[in-house]
Amino acid sequence: MKPSRDSRPGIRDIFVDIAASCERLGAPTYADLASCVAQWSEEEPLASLLAPYADARVGDMIPLRLLAAVHRLALMREAPGVAVFLSTTGGTPPRDDAGRERLRRAFLSAVAEHREVVADALARVPQTNEVGRTVGLGALLRRVQRGFGLPVRLHEIGCSAGLSLRVDALMEAGVVPGDHPEWGGVPRIAERSGCDLAPVDASSTQGRLVLTSFVWPDHLDRFERLRAALEIAAGVQVAIVAADALEYVRGLVLQPGTTLVVWHSAMWLYLPQETRDGIRSTLEELGGQATRDSPLVHIALEPVAERPEAQHRFTLTMTTWPGIDGLPPGIEVPWGTTPPAGAPVTWSVPCAGGIVRDGSGRLLLVRRGQAPSRGLWSLPGGRVEDEESWDAAAAREVREETGVRATDAEFAGIVERDSGAGTTYLIADFAFTGEGEPRAADDADEARWCDPVEILRLATSPGLVEALREWGYLT
Ligand SMILES: C[S@@+](CC[C@H](N)C(=O)[O-])C[C@H]1O[C@@H](n2cnc3c(N)ncnc32)[C@H](O)[C@@H]1O
């Protein structure tokens, strides 16, 4: 099992672990160098350079600091023996053992020759700004624009060099693909600002060098995208302050006629728990004052620790105050997942279901005629169509599958279900009052009113009984 970010397995194992990650993420050149460093970690010149980090946490990312230090030397033409093997410096990655051996030797020579520079780089936290993350963030911003129709005040915490704050310019220039264009045009951004504990100056040579050096050389597309984004950033001003995220969020205010969007990516894990709690409660408090004329939106692209895939998948979530598309305010919707570099986004399929009750407390269930859970009893429901609200979709699905008219929608909760075909269904369930004798149609093979005791005896779809219990519709 992969060690957690806070564990301290010893510097050698940290390099072994990162080598496996590099291999898995399509970076064989770094994978080979990282596993060699693991082997040579007790020999000079590495032993004394790595000695201060013997007890480092996995999350300190010492291997990335070392690899980036040498990458930086290659980018500055100070490590030509390394540069000939890196795509980002016009080189060709080693194709055979002889090439790999030459690169390893060149790497060690560069470390020995630039010992002071490397020691200094090892003491600094990695500074990255991954432009690919703007793909999912930007798509949700289209959705916000469609939902509220107001100019956006975009604020990013942990924004590094603030490249994502130029999301509109990046989309317009095609530097990031405009995902979900049907959600609307490129958003109108009236104000853009951010904070970072250690902001990177994208307009300085040093800042650009730092950012580019942290891109893995095997990922040439990411490197090129970053370079293009840096060029665009030069023409779009953003205000970035050196500040802690919580302090920054506490200073934000709503303004009539604009949507305040607070977003972040790949920074939540760095925050202590009390900072995370503080940011959440500050946003909830601000959300309590939000109106349709001054809405608040929180968008995040972060690894979610509770999710089993968190080590290598980030989750893209959005919470709005007031709610949009038929959802209540303050509901965190997990729209999809991405690789750590942000693209491509695997979007979940928005679906809606109805918890329909009749006057005597019975629930309307259908026996599913389609996968997933074909043959099992479940709630009537199906996909939300574009431009349709979630609650309207739930009522429509109930009518189509059972003929029952569902009224008085009340949000119950959100669940995620594996479609069985490589996608995830994102299902918002709504409670309704229903009338009429059910007649199965569409995706349902059977439809009927069931009393609670009967539901417990039926073969129901996975998780249904638990969700109904949790939301208080089944005791
Ligand atoms: C991995 S980088 C991600 C940068 C950018 N959000 C992205 O997705 O490319 C994490 C950033 O969070 C910043 N950071 C960490 N803790 C912070 C805090 N408490 N307040 C503000 N920024 C913080 C770091 O300085 C760093 O720039």
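Not measured: the values here are computed from a predicted model.

1. Quick notes on the overall build of the protein
Point 1. Tallying secondary structure elements over the protein gives 16 helices and 15 strands in all.
Point 2. Based on the C-alpha atoms only, the size of the protein along its principal axes is roughly 80 × 50 × 40 Å.
Point 3. Taken across its 475 residues, the protein has 44% of its residues classed as buried.
Point 4. Looking at the protein alone, contacts between residues at least 24 apart form 72% of all its contacts between residues at least 6 apart.

2. A word on the domain arrangement of the protein
Point 1. Examined at the domain level, the protein breaks down into domain 1 (11–122), domain 2 (131–346) and domain 3 (349–470).
Point 2. Inter-centroid distance (C-alpha atoms) of domain 1 to domain 2 is 31 Å.
Point 3. Counting residues at the interface gives 15 residues for domain 1 and ten residues for domain 2.
Point 4. Sorting the residues of the side of domain 1 that touches domain 2 by element identifies helix 2 (28–40) and helix 4 (62–75) as the ones contributing at least two each.
Point 5. Here the side of domain 1 that touches domain 2 gets five residues from one element, more than from any other, and that element is helix 4.
Point 6. Taken together, the residues of the side of domain 1 that touches domain 2 sort by class into nine nonpolar, five polar and one charged.

3. Considering unusual backbone geometry
Point 1. Cis geometry marks the peptide bond from Trp 321 to Pro 322, where omega comes out at -5 degrees.
Point 2. On the secondary structure map, Pro 322 appears in the loop between strand 6 (314–321) and strand 7 (333–338).
Point 3. Residues Ala 343 and Pro 344 are joined by a peptide bond in cis, for which omega reads 0 degrees.
Point 4. With respect to the element layout, Pro 344 can be found in the loop between strand 7 and strand 8 (346–347).
Point 5. Non-glycine residue His 180 carries a positive phi angle of around 55 degrees.

Each value, and the rule that gives it
Along each chain, residues carry numbers from 1 onward, in the same order as the chain's sequence is written. The predicted nature of this model means local features are confined to residues of pLDDT at least 70 and side-chain atom pairs, given and counted, to a pLDDT of 80 or more, with totals for whole chains, interfaces and linings taken over all residues. By the criteria applied, helices consist of DSSP H or I runs no shorter than four residues and strands consist of E runs no shorter than two, each listed in order from the N terminus. Exposed residues have 12 or fewer other C-beta atoms within 10 Å of their own C-beta, buried residues have 20 or more, and residues in between are partly exposed; the C-beta atoms are placed from the backbone. Two residues qualify as a contact pair if the distance between their C-beta atoms, derived from the backbone, is within 7 Å. Domain borders in the structure are assigned automatically or taken from a domain database. Residues are sorted three ways: Asp, Glu, Lys and Arg are charged, Ala, Val, Leu, Ile, Met, Phe, Trp, Tyr, Cys and Pro are nonpolar, and all the rest, Gly among them, are polar.

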